[in-house]
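# Observations on the model geometry
One letter stands for each residue in the lines below.
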Amino acid sequence: MINPHGHDLDARARRLLRTLIAQYLVDGEPVGSRTLSRSSGLDVSPATIRNIMADLEDAGLVASPHTSAGRVPTPRGLRLFVDSLIELQPLPHAEMARLQRELPPGPTTTRDLLGNVSTLLSAMTHFAGVVTVPRQVDFPLRHIDFVPLPDARVLVILVFTDNQVQNRIVQLARPLHSGELEQAANYLNSQFAGLRVDDIRTHLLAELRETGSELNRLLASTVELATASFAPQAGGSDVLVSGQTNLMAYSELSDLQRLRELFEAFQQKSELLQLMEVCAKAPGVRLFIGEESGFTALDGCSVVTASYGAQGRVLGAVGVIGPTRMAYERVIPVVQATAGLLSDALNRAATAL
């Protein structure tokens, strides 16, 4: 009996399994013993091949559809193939050049950049491209301004290092005149530009606890404004999806009920976002084949992701969703290279502060 994890596969069995999967990934059809005999280059009889295939089937690595004498790989077989039977190569120069050429070269907001990345991943792979959008407060603050409003309200304008602008309206106990607002903005910009909102809030609380601190001395009348400006707000990460309709071209996903469940998952995003956030927590490439994702809507799909970040901080994950019959040796380097280029772009934006 062959170990289902492939540890006991001898050289012939590994070669036949690799040949079967490679052929299946190309045409999506069950692969018969005669085809394996011709394609594998092994000098063995068809009977020997059938015996090895029977052992692989007993191990759960291949399966025989009822309508054919040939065999197809199972998700377990595909997992073994990806983990140990293929040799991944760096992305070819032409494809790397395309990625570099089509990512926005100039200043842009992070959300615009991520939207471009999801579209580019979809175009490169012909699958659905997915990218998580981090919380805005995960980016350092570049500048803050205050604009007085009626009824003791103030418009707080936060400009982040990714060029995104966030507006908040805070309600104060008493109105502040323009001089007080200017003083508050000057102090906060001089002391806290380059820090993330969570870090700014921590520093503010520490300063407020110190009797005679500069904050209390300079902004005695605007402490309320400073703390309200950086108060926690609702709203977390998001996920952008591009190219969902590409999946309709694959026969494995053509069942209407399956497509309906898959597109509902793309629309609702909650389960997809949960999966992508799990992927972001692990370095390098993550791959889920079929039911490995834990979400029913993705049972017939493979998800390939890689994390991205800036300044040593992980911000999210990029990836693609397609049928389990995908060219993993090409898709994995595309996703990995895209994550690296995205991180480079975000690091350049951060150093431009």
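Please refer to the structure placed before this passage.
About the cut-offs
- Residues numbered from 1 in each chain as written.
- Predicted model: local features only at pLDDT ≥ 70, side-chain atom pairs only at ≥ 80, totals over all residues.
- Heavy atoms only, no water.
- Core = buried A, V, L, I, M, F, W, Y, C linked by side-chain atoms within 4.5 Å.
- Buried < 20%, exposed > 50% of the residue type's maximum accessible area, 1.4 Å probe, protein only.
- Helix = DSSP H or I, 4+ residues; strand = E, 2+ residues; numbered from the N terminus.
- Arc of directions from axis to C-beta.
- Contact = heavy atoms within 4.5 Å.
- Axes fitted to C-alpha atoms, helices over the stretch in contact; angles between N-to-C directions.
- Parallel < 35°, antiparallel > 145°, perpendicular 65-115°, else oblique.

## Re the nonpolar core
Within the largest apolar cluster, 107 residues are counted, with the highest numbers of intra-cluster contacts made by Phe 146 and Tyr 328. Per-element tally for this core: the top contributor is helix α13 (residues 328-351), with eleven residues.

## Observations regarding unusual backbone geometry
Phi at Asp 151 is positive, roughly 60 degrees, even though this residue is not glycine. When you line up the elements, Asp 151 lands in the loop between β4 (141-149) and β5 (153-160). For Gln 311, which is not a glycine, the phi torsion comes out positive at approximately 55 degrees. By the secondary structure assignment, Gln 311 is in the loop between β9 (301-310) and β10 (313-323).

## A few points about helix α12 (residues 270-280)
Working note: α-helix, 3.6 residues per turn, so residues spaced by three or four point in the same direction. Every buried residue of α12 is accounted for by Leu 272, Leu 273, Leu 275, Met 276, Cys 279 and Ala 280. Buried residues in α12, looked at end-on, bunch into an arc of 160 degrees, giving them a common side.

## Observations regarding the environment of Leu 262
Positionally, Leu 262 belongs in helix α11 (residues 256-268). Through-space distance from the C-alpha of Leu 262 to that of Leu 298 is 6.7 Å; in sequence the pair is 36 residues apart. Excluding residues within four positions of it along the chain, Leu 262 makes contact with Leu 247, Ala 297, Leu 298 and Cys 301.

## So, the packing of helix α1 (residues 11-27) against helix α4 (residues 75-85)
Where α1 meets α4, the closest approach of the two axes is 10 Å, and the angle between their N-to-C directions is 110 degrees. It follows from the interaxial angle that α1 and α4 lie roughly perpendicular. Taking contact as the criterion, the partners of Arg 14, Leu 17, Arg 18, Ile 21 and Leu 25 in α1 are, on α4, Gly 77, Leu 78, Leu 80, Phe 81, Ser 84 and Leu 85.

Note that all results are geometric; they support no functional claim without further evidence.
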